[in-house]
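Observations on the three-dimensional arrangement
What follows is each chain in one-letter form.
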Amino acid sequence: QKKEHDELAVFKNHFNVDQFLELIPNPDEFFTDPQRKLSLDENANEVDIKYAMTFLYNHYSFIRKKHIDKVAYLKNRRIIKRILKLRSDLYRFQKEEARKYNLLEECQCCFEQELIPEECYFCLKGCIFCKECVKTGVENVIANGELKFPCFANCDSEFSLQTLQMVLQKKTFERIIQRIASEEIKKANVEGLETCPFCDFAMILPENEKIFKCINKDCMIESCRECRHKSHIPLRCSEIEYDEDVRRRTFIENKMTEALTRTCNKCKRTFIKTNGCNKMTCVCKAMMCYLCGATVNDYSHFGVNGCSLFTDDMQINLHRVLASAQKAKQELGNVEIKFDPSVNIETFFHN
């Protein structure tokens, strides 16, 4: 709620140009981009979207739908453009002054040679870099799961948190601080400390508490402390099928289906036999044995020294399906099959 309040404060009462430009640095380019996709939070469902759109249509009843999201910008376009122009003019003046007094610096990463003092960012030993190089390098370190940010000039130093705060987006920096704090807490070996499965937030919970209610404003997910998935109250963990359970069950089911069906040796059509003899004739006129799959031309394949011409189809299919299910489980390895599709499959064939 605080996060939403801070963002909405930019547009309410007195419009804050600096905060608006921090959210949308290039508003003219942003709002005129025909490829821009509009969306709510990634967790929003159809009801959320419908509610939001209905609110906007009612609140801005005289504005076309495609222009609704541009209202704040359109109302303040003139002042925004004026501020951007002043910033541009100020930058040109600063560059001229820096050149005049020989104050321009060079980035030790991309080798940009005309950095004004305000564009310089330093490691703890004073190596100079431009903002974009520091930002890109730090984001790569974050992507690798690291929390140490070494200098790019190999000077055995690193970047301070103050420097990171100046170059990174607010959300990214907040996540770093939260992860660092979480790691420090873990190192302290606090008894009973537990971490949210979906972020780095940690806290101590009572032993009888079954749900971990994360209070990290960027997470807020309630999770089960036993299985560490999203909360499934009132169902028990054993009654919930998670993604890995679905993959395992589906793999076994597919193998069982393959065992139940036969494939024509000529045209590759699949079929199932429920009655009749075991000399199968496909619609393409090709013939094969239903039991062993061999191509046949007549009945000579069947008899005392070959396959049986007549068999109990239900029993044959049941045996093949169970054998295939067992083989599939062996291929999956020593893992739990929460919802085994082969359990009680006999009742299907006996009915």
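Now for a quick tour of the structure. Going along each chain's sequence as written, the residues are numbered from 1 onward. Reporting in this predicted model follows two pLDDT cut-offs: at least 70 for local features of residues, and 80 or more for side-chain atom pairs to be given and counted; totals over whole chains, interfaces and linings ignore these cut-offs and use all residues. Heavy atoms from the whole structure form the basis of all side-chain values; hydrogens and water molecules are not counted.

**Focus: the overall build of the protein**
Operational definition: Starting at the N terminus, helices and strands are each numbered in turn, a helix being any DSSP run of H or I of at least four residues and a strand any DSSP run of E of at least two. Working definition: with a 1.4 Å probe on protein chains only, accessible area under 20% of the residue-type maximum means buried, over 50% means exposed, and in between means partly exposed. Contact definition: two residues touch when any of their heavy atoms are within 4.5 Å. With residues, only the protein chains shown are counted as cover, and all accessible areas are computed by Shrake-Rupley using a 1.4 Å probe.
What the protein contains, in helices and strands, is 12 helices and 10 strands. Among the 351 residues that make up the protein, the fraction classed as buried is 29%. For the protein, long-range pairs separated by at least 24 residues make up 40% of all intrachain contacts whose partners lie at least 6 apart in sequence. Surface summary for the protein: the accessible area is close to 24800 Å², and the carbon and sulfur share equals 52%.

**Examining the pattern of salt bridges**
Stated formally: When a carboxyl oxygen of Asp or Glu is within 4 Å of a side-chain nitrogen of Lys or Arg, the pair counts as a salt bridge.
Following the criterion strictly, the structure yields nine salt bridges and no others. We note a salt bridge from R92 to D89, for which the minimum N-O separation is 2.3 Å. Here D89 and R92 lie together in helix 6 (residues 77-100), a separation of three residues that amounts to about one turn. On the basis of relative accessibility, which here comes to 46%, the residue R92 falls in the partly exposed class. By relative accessible area, which is 28% here, D89 ends up partly exposed.

**Re helix 11 (residues 313-332)**
Convention followed: Given the number of residues in a helix, its expected span is that number minus one, multiplied by 1.5 Å. Whenever two N or O atoms come within 3.5 Å, that pair is a polar contact, provided that in protein one can donate a hydrogen and the other can accept it, and provided that, for residues adjacent in sequence, both atoms are side-chain atoms.
Look at helix 11: 29 Å from first C-alpha to last across 20 residues, which is about the 28 Å you get at 1.5 Å a residue. With a side-chain oxygen lying 3.2 Å from the backbone nitrogen of M314, the N-terminal cap of helix 11 falls on D312. Following helix 11 by one or two positions, G333 has its phi on the positive side, about 90°.

**So, the nonpolar core**
As a reminder, the rule being used: Only buried residues count toward a nonpolar core. Its members are Ala, Val, Leu, Ile, Met, Phe, Trp, Tyr and Cys residues joined through side-chain atoms within 4.5 Å.
F129, V134, L164 and L168 are the most contacted members of the largest nonpolar core, which has 22 residues in total. For this core, the secondary structure elements donating two or more residues are strand 2 (128-129), helix 7 (131-143), helix 8 (161-167) and helix 9 (170-187). The dominant element in this core, judged by the number of residues it contributes, is helix 7, at four residues. Not counting the four nearest positions on each side in its chain, V134 is found in contact with Y121, F129, F152, F159, T163 and V167.

**Comments concerning the side chain of N317**
Tracing the backbone shows N317 in helix 11. According to the relative accessible area criterion, N317 is buried, its value standing at 4%. A polar atom in the side chain of N317 sits 3.2 Å from the side chain of Y290. Beyond its immediate chain neighbours, meaning those up to four positions away, N317 contacts L260, R262, K273, Y290 and F349.

**Comments concerning the environment of N102**
Position of N102 relative to the elements: it lies in the loop between helix 6 and strand 1 (121-122). When the C-alpha positions of N102 and I116 are compared, they lie 9.8 Å apart, and in sequence the two are 14 residues distant.

**Points about a nonpolar patch on the surface**
Put simply, the test is: Each patch is built from residues lacking any salt bridge and having more than 30% relative accessible area; the joining distance is 9 Å for like charges and 5 Å for nonpolar side chains (Val, Leu, Ile, Met, Phe, Trp, Tyr).
A cluster of nonpolar side chains, namely I185, V190 and I204, defines an oily patch on the protein surface of about 230 Å² accessible area. Here I204 is to be found in strand 4 (residues 202-204). On the basis of relative accessible area, I204 is assigned to the exposed category, the value being 52%.

**Observations regarding the packing of aromatic side chains**
Just so we agree on the cut-off: Pairing of aromatic rings covers Phe, Tyr and Trp, the last counted by its six-membered ring, and requires centre-to-centre distances within 6.5 Å; plane angles under 30 degrees mean stacked, over 60 mean edge-to-face, and any other angle means tilted. Lysine and arginine charges are scored as sitting over a ring when NZ or CZ, respectively, is within 6 Å of the ring centre and within 35 degrees of the ring normal.
Applying the stated criterion to the full structure yields three aromatic pairs. Arranged with centres 5.6 Å apart and planes meeting at 65°, the rings of F129 and F159 form a pair that is edge-to-face. Taken together, the residues F129 in strand 2 and F159 in the loop between helix 7 and helix 8 connect sequence positions 30 residues apart. Under the relative-accessibility criterion, F159 is labelled buried at 4%. With 5.1 Å between their ring centres and 55° between their planes, F152 and F159 make a pair best called tilted. The aromatic ring of Y290 is capped on one face by K273, whose charged end is 4.9 Å from the ring centroid. Sitting over the face of the ring of Y299, K279 holds its NZ or CZ atom 4.8 Å from the ring centroid.

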